[in-house]
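# Close look at the chain arrangement
So you can see what is in the structure, the chains are spelled out below.
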Amino acid sequence: MLSFTYLDNIALIEDDKSITYKELQNLVKEFEKNLVDTKSIIAIYMDTTINSIVAYLASMQKNYAILMLDQTSQQNVKLCELYDVDYVFNKELIKRDAKVKKIYKDLALLLPTSGSTGSPKFVRLSKENILHNTKSILSYLPITQTDTTITSLPLFYSYGLSVLNTHLASGATVVLTSAPLLSKEFWELFKKHHITNFNGVPYHYEMLMKLRFLKKEYKSLCFLTQAGGKLSKDIILEFTNYALENKKEFFVMYGQTEASARISYIDTKRLLKKPNSIGKAISGVKLFLQDDELIVKAKNVMLGYATNLDDLAKGDENKGILHTQDLGYKDEDGDFYITARASRFVKVVGNRINLDDIEKNLLQNSFKCVVVARDDFILVLTLNDDVSEIKQHLVKNYKLHHSLVGVKQIDEWVVKSNSKIDYKEMQQRYL
Amino acid sequence: MQTEKLKQVFIEALGIDKNTNIENLEYNTIDEWDSVAHMNLIGEIEDAFEIMLDTDDIIDMSSFTKAKEIVSKYLKG
């Protein structure tokens, strides 16, 4: 993890402070001195600071199990108790009075699955999972030691963490900021540090469109990556054309925290022909279909989930196999497509209905909605005053009896910490 | 500069009370003016004044006063 090659390169920049890889290595070594040798659990309130990254790297070096926490979450204290962590790093290191417990020897990282409420589930990853995925990602993303990226994603999120890991492994520079995309500060840093690599989820790209990003010239920019959900075909094509015209690259990637981060990718040229595809598996990953479901076989597949302390003693339950719960197909060139989430299907009076399809159909008819369901009832949520129009449209187009569909106007979407729509929470709240 | 017209756009786009002290309004200081509402507001301003704002100006529009300044720049242009 810490075999940095370019020791004199700048590794991290935070405000006016920048540190080289050599300095980072020393900080990590210093930090390690505070940690006992027995395998322990450390909770890290992961923010975009040098200190948090040092805590993360040192804990990895020590073969600890790291409980990655969203520093803005209200549940962190509860989680530290639930997992009876030995250390807490929240701006500073605190040793807790914890019991001796059994931790699986290869358990290195507990990443939150992006839920916002209830008791969060964590994905159990090993150091090998992370290293394997980092290597695979570097086999297709052209990250070099002269590159600079900026933290547009949180580091407790698998995608954000993979950006950090891959850049550190390449000797590149990471500019640390918590400034949101829609802030002057973010774009000032972007220009000042000549950012070459930008990474974002669909929300970022939707914002970039609104910010007229494509009309601006960012000479330093080399490539952009998009993951974390389905971006609309139109926006994908806009960015693909922008990349081709400006000699930049644009990568659309598919992944899950359950697979450390990345599973497949598609590059700029292929995107032009296939903007809806998630491309092919990255090197070191086998991707195939089983009853229409995408299955991953790879060394970056998680050990399993954790919902309580006892789970930390568990070994490798997945054994390299991940059922993604994404349904899809493969074309004649071997490129994959995702059509739906397995869990987004409901049976209404015996008919299998795809909730994503309904959402898409409504959007095509200018109704921006979120569709959830339970048993024999579909609920459509909208922010606008168009309840009766939506209901009419659905009853007419889906031949659904009006008693099986409800439409409700709400104030705002419930989103997860990674800005994705939180279907589960909205279902629980409104159904 | 049509200040009253801009005020009206703010009231409608942000869904705020018309008795709000709009002159002193700042981005992210009220619930109604968050990042999502900001984008909506930009669209409404552009439609109302038939202008197309630049990236820097969209990000820069951090208060009503600033919005007034930016919009008038475009109207002159």
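Quick summary incoming for the structure in this document. Within any chain, residue numbers begin from 1 and follow the written order of that chain's sequence. Working convention: letters from A go to chains and numbers from 1 go to ligands, in the order in which they are written. For a predicted model such as this one, the threshold for reporting local features is a pLDDT of at least 70, and the threshold for listing and counting side-chain atom pairs is 80 or more; totals across whole chains, interfaces and linings nevertheless cover every residue. Processing note: side-chain calculations cover all non-hydrogen atoms of the structure and skip hydrogens and water entirely.

### Observations concerning the side chain of A:Thr151
Residue and element names in this part refer to chain A. As a reminder, the rule being used: Here a strand is any run of E in DSSP of at least two residues, a helix any run of H or I of at least four, and the numbering for each starts at the N terminus. Pairs of N or O atoms are called polar contacts if they sit within 3.5 Å, as long as, within protein, a hydrogen donor faces a hydrogen acceptor (for residues adjacent in sequence, only side-chain-to-side-chain pairs). Two residues form a contact once any of their heavy atoms are found within 4.5 Å.
Its place among the elements puts Thr151 in the loop between strand S9 (148–150) and helix H5 (158–170). A polar side-chain atom of Thr151 sits 2.8 Å from the main-chain carbonyl oxygen of Thr177. Sequence-distant contacts of Thr151, that is, excluding residues within four places in its chain, are made with Thr48, Val174, Val175, Leu176, Thr177 and Phe186.

### Considering the pattern of salt bridges
Residues and elements named next belong to chain A. Note the cut-off: A carboxyl oxygen of Asp or Glu within 4 Å of a side-chain nitrogen of Lys or Arg is what we treat as a salt bridge. Each residue's exposure class comes from its accessible area (1.4 Å probe, protein chains only) as a fraction of the maximum for that residue type: buried when under 20%, exposed when over 50%, partly exposed otherwise.
All told, the structure shown has 27 salt bridges over all chains when counted by the stated rule. Asp333 serves as the salt-bridge partner of Lys274, at 2.7 Å between the closest nitrogen and oxygen. Of this pair, Lys274 sits in the loop between helix H9 (268–273) and strand S15 (277–281) while Asp333 sits in the loop between strand S19 (321–330) and strand S20 (336–341), and the two are 59 residues apart along the sequence. As a salt-bridge pair, Arg429 and Glu425 come within 3.2 Å of each other at their nearest N and O atoms. With a gap of four residues between them, Arg429 and Glu425 both fall in helix H12 (residues 423–430), about one helical turn apart. Its relative accessible area of 11% is what places Glu425 among the buried residues. Through salt bridges that share partners, Asp267, Arg270, Lys274, Lys280, Asp331, Asp333 and Asp335 make up one connected network.

### Quick notes on the sheet that holds strand S3 (residues 41–46) of chain A
All names here are of chain A. Applied cut-off: By this definition, two strands are paired if DSSP reports at least two bridges between them. Axis lines are fitted to C-alpha atoms, over the contacting stretch for helices. Their N-to-C directions set the angle, which ranges from 0 to 180 degrees.
Read from one edge of the open sheet, seven strands run S6-S5-S3-S4-S7-S8-S18, paired in mixed fashion. On the outer flanks of this sheet lie strand S6 (92–95) and strand S18 (304–306), each paired with one strand and no other. Going across the sheet, the axis of each strand differs from the next one's by a mean of 25 degrees, ignoring polarity. Across the sheet, helix H4 (residues 127–138) lies against strand S7 (107–112) and strand S8 (122–126), angled at about 80 degrees from S8, the strand it touches most.

### A closer look at the interface of chain A and chain B
Threshold: When two parts are put together, the accessible area they lose, computed with a 1.4 Å probe and summed over both, is reported as buried area. Only Asp, Glu, Lys and Arg are considered charged, only Ala, Val, Leu, Ile, Met, Phe, Trp, Tyr, Cys and Pro nonpolar, and every remaining residue, Gly among them, polar.
Chain A puts 14 residues into the contact, and the matching count from chain B is 13 residues. A combined buried area of about 1200 Å² lies between chain A and chain B, and 60% of that area is made up of carbon and sulfur atoms. The three residues of chain A that bury the most area against chain B are A:Leu182, A:Leu211 and A:Arg212, which together make up 48% of that side's buried surface. At the surface where chain A touches chain B, the tally comes to four salt bridges. A:Arg212 is paired through a salt bridge with B:Glu46; the nearest N and O atoms lie 2.5 Å apart. Elements represented by at least two residues in the side of chain A that touches chain B include exactly helix H6 (184–192) and helix H7 (202–210) of chain A. Residue composition of the side of chain A that touches chain B, grouped by class: seven nonpolar, one polar and six charged.

### Considering unusual backbone geometry
A positive phi angle is found at A:Asp84, which is not glycine, with a value near 40 degrees. Considering the arrangement of structural elements, one finds A:Asp84 in the loop between helix H3 (76–82) and strand S5 (87–90). Relative accessible area serves as the criterion here: at 11%, A:Asp84 is assigned to the buried category. At B:Asn28, a position not held by glycine, the phi torsion is positive, near 65 degrees. With respect to the helices and strands, the residue B:Asn28 is situated in the loop between helix H1 (3–14) and helix H2 (35–49).

### Structural notes on the packing of aromatic side chains
The test is simple: Each Phe, Tyr or Trp ring, with Trp reduced to its six-membered ring, pairs with another whose centre is within 6.5 Å; inter-plane angles below 30 degrees give stacked pairs, above 60 give edge-to-face pairs, and intermediate values give tilted ones. Remark: a charge is flagged as sitting over a ring if the NZ atom of Lys or the CZ atom of Arg is within 6 Å of the ring centre and within 35 degrees of the ring normal.
Throughout the structure, instances matching the rule amount to 28 aromatic pairs over all chains. Ring geometry for A:Tyr140 versus A:Phe251: centroids 6.3 Å apart, planes at 65 degrees, classification edge-to-face. Within this pair, whereas A:Tyr140 is found in the loop between H4 and S9, its partner A:Phe251 is found in strand S13 (residues 249–255), the two being separated by 111 residues in sequence. Here A:Tyr140 and A:Phe251 have matching classes, each one buried. Centroid distance B:Phe10 to B:Trp33: 5.4 Å. Interplanar angle 85 degrees. Geometry classified as edge-to-face. Of this pair, B:Phe10 sits in helix H1 while B:Trp33 sits in the loop between H1 and H2, and the two are 23 residues apart along the sequence. Taking relative accessible area as the criterion, B:Trp33 reaches 0% and is therefore assigned buried. Every member of this aromatic cluster is reached through a ring pair, and the members are A:Phe186, A:Trp187, A:Phe190, A:Phe198, A:Tyr205, A:Phe213, A:Tyr218, A:Phe239, A:Tyr242 and A:Phe250. The side chain of A:Lys121 reaches across the aromatic face of A:Tyr305, ending 4.1 Å from its centre. Above the ring of B:Phe49, the side-chain terminus of B:Lys5 is found at 4.6 Å from the ring centroid.

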